[in-house]
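# Working through the structure, step by step
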Amino acid sequence: MPEKKTRKTAAKDKREGKSASTQAGEYVHEEIEHVRKGKHGAKNAKQAIAIGLSKARRDGVKAKPGKSASKATKKKAAQDTAAAKTKKKPSATRSAGAKKALKTAGKKTTAKKAVGKKALSTQTRKAAKKRTASSRSAAAKKAARTKGPTVRKAAAKKAARTRARKSA
């Protein structure tokens, strides 16, 4: 069950006209925090992201699976979207079983490593590599357009620092 704060932030994103992936990002962020705090485990970053996306879809976020997603992933996404429409109370037994499975998914130290900065960075790079250069470029251009001037200035400063560090 997503936290109230997450639902509010996602709803705010929707009102502001932000994309479904931005709205779903709130749920993914919540899930990562849960694993970091030891609420439950995760085998890797990919699993934590998948759980967050599933929660988002079940909460009504229209996040579509990627073009290169497997048949199983597309099926699960369809199930989650359908579950959002029914709003049936989940089975307590099934919920308890799912929680137990997640608790045993990783020991606290490995679970935290699964969503550590390095693991998330690796996952992000792998996901980006699957995309075409033009797709990444278009996303960067859109981000630059939709950011406000303050955020754009901060991003430019960060990029300058990164360039300076790489050239040194």
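Right above here is the structure, for reference.
Described in the following lines is the structure provided in the data block. (Residues numbered from 1 in each chain as written. Predicted model: local features only at pLDDT ≥ 70, side-chain atom pairs only at ≥ 80, totals over all residues. Heavy atoms only, no water.)

### Here's the deal with the overall build of the chain
Where we set the bar: Numbering goes from the N terminus for both helices and strands, where a helix is a DSSP run of H or I of at least four residues and a strand is a run of E of at least two. Here the term buried applies to any residue with accessible area under 20% of the maximum for its type, exposed to any over 50%, and partly exposed to those in between, with areas from a 1.4 Å probe on protein chains only. Residues are treated as being in contact if the distance between any of their heavy atoms lies within 4.5 Å. A positive count includes Lys and Arg, and a negative count includes Asp and Glu. His and the chain ends are not counted in either. For charged residues, the charge sits on one atom: NZ in Lys, CZ in Arg, CG in Asp, CD in Glu.
On a plain count of helices and strands, the chain comes out with 9 helices and 0 strands. A principal-axis box enclosing the C-alpha atoms of the chain has dimensions of 55 × 35 × 30 Å. Burial status across the chain gives 23% buried among its 168 residues. Here the analysis covers contacts within the chain between residues at least 6 apart in sequence; of these, 65% occur between residues at least 24 apart. A gap of 8 Å separates the mean positions of the 55 positive and 9 negative side-chain charges of the chain.

### With respect to the pattern of salt bridges
Put simply, the rule is: Salt-bridge detection follows one rule: a side-chain nitrogen of Lys or Arg within 4 Å of a carboxyl oxygen of Asp or Glu.
With the rule as written, the count across this model stands at 10 salt bridges. For Asp13, the salt bridge is made with Lys18, and the minimal N-O distance between the two is 3.8 Å. Overall, the relative accessible area of 5% leaves Asp13 in the buried class. A salt bridge links Lys18 to Glu16; the shortest N-O distance between them is 3.3 Å. Assessed through its relative accessible area of 40%, Lys18 is described here as partly exposed. Residues joined in a network through salt bridges with shared partners are Lys12, Asp13, Glu16 and Lys18.

Geometric descriptors of this kind do not, in isolation, establish any biological role.
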